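# Tertiary structure, described
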Amino acid sequence: MVSILAAESNIAEAEILLRQIARLPDSPTDIELEDAVTAAYFLRDAELTINLFEQIEGDATMEHFNNSNRVDATIGAAYAYDLLGQIQQRDRLLDNITGLIDELSSQEKRLNNSAWLLKSQIEALRGNKQMSIVHLQRAIDEGFRRYWVVQNLPAFDSLRGEHAFMAMMTALDSRMSLIRNQLRMAESFDAEW
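Rules and cut-offs
- Residues numbered from 1 in each chain as written.
- Predicted model: local features only at pLDDT ≥ 70, side-chain atom pairs only at ≥ 80, totals over all residues.
- Heavy atoms only, no water.
- Helix = DSSP H or I, 4+ residues; strand = E, 2+ residues; numbered from the N terminus.
- Polar contact = N/O pair within 3.5 Å; in protein donor to acceptor, adjacent residues only side chain to side chain.
- Contact = heavy atoms within 4.5 Å.
- Core = buried A, V, L, I, M, F, W, Y, C linked by side-chain atoms within 4.5 Å.
- Buried < 20%, exposed > 50% of the residue type's maximum accessible area, 1.4 Å probe, protein only.
- Axes fitted to C-alpha atoms, helices over the stretch in contact; angles between N-to-C directions.
- Parallel < 35°, antiparallel > 145°, perpendicular 65-115°, else oblique.
- Left-handed = near helix turned anticlockwise from the far one by under 90°.
- Nonpolar A, V, L, I, M, F, W, Y, C, P; charged D, E, K, R; others polar.

On to the side chain of threonine 49, then. If you trace the backbone, threonine 49 turns up in helix 4 (residues 46-53). Within the local environment of threonine 49, its side chain forms a polar contact with the backbone oxygen of aspartate 45, the two atoms lying 2.7 Å apart. Not counting residues up to four positions away in its chain, the partners in contact with threonine 49 are Val37, Ala40, Tyr41, Gly76, Ala77 and Ala80.

Shown next, in the form of structure tokens:
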């Protein structure tokens, strides 16, 4: 739902929903904690993000790539640590995710767009803007299309003013508009038959 609101540029409603997700029930599950950390990250609430993240048991593992938000929560916590100047903690988390991506790349013939997006976020958080943009372009080349996610990811805050980043987002937005128009035309054509 948050993604839909972001896609519609309805940020105010998305923030309300994120605040609800960041409130935990008594005795939360790991999944609820991961979702809450990710919500606090998108709200750019560094202290809440870290507080929630530190309640999660254990680091992200390969099992977390496809069936939880642990990797996103870890990126969120790294962002929060970075905001608070806790670079050693940030780097420990980013090294964990980098190691998982390396393990994934040894198992797969080709990394998917999500892995390239993660690599891009890691580089942005480490302050390597150029490599972040290179990896983001690779994510797009590998099929990443959710530009509204990238436009709202806190890890990319440092890139928002970069010409290459803005051009990439504009091109991706234009490509998606073209695809939507083509789908509408096809739908219209089908309806007339």
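Ranked by size, the top nonpolar core spans 52 residues in total, and within it Leu117, Leu136, Val150, Phe156, Phe165 and Met169 carry the most contacts. Every element with two or more residues in this core is listed here: helix 3 (30-42), helix 4, helix 6 (70-83), helix 7 (87-107), helix 8 (113-125), helix 9 (129-141), helix 10 (147-152) and helix 11 (163-192). Apart from residues no more than four positions distant in its own chain, leucine 117 is found in contact with Leu136, Ala139, Phe144, Val150, Leu153 and Phe156.

Quick look at the packing of helix 7 against helix 8 now. A pair of packed helices can be characterised by two numbers: the angle between their axes and the separation between those axes. At a minimum axis separation of 11 Å, helix 7 and helix 8 run at an interaxial angle of 155°. With respect to each other, helix 7 and helix 8 are oriented roughly antiparallel. The handedness of the crossing between helix 7 and helix 8 is left-handed. Where helix 7 abuts helix 8, its residues Arg90, Leu94, Ile97, Thr98, Ile101 and Leu104 lie against Ala115, Leu118, Lys119, Ile122 and Leu125. Among the residues forming the contact of helix 7 with helix 8, the class breakdown is eight nonpolar, one polar and two charged.

Note that every value here comes from positions in space, so none of it alone points to a role or purpose.
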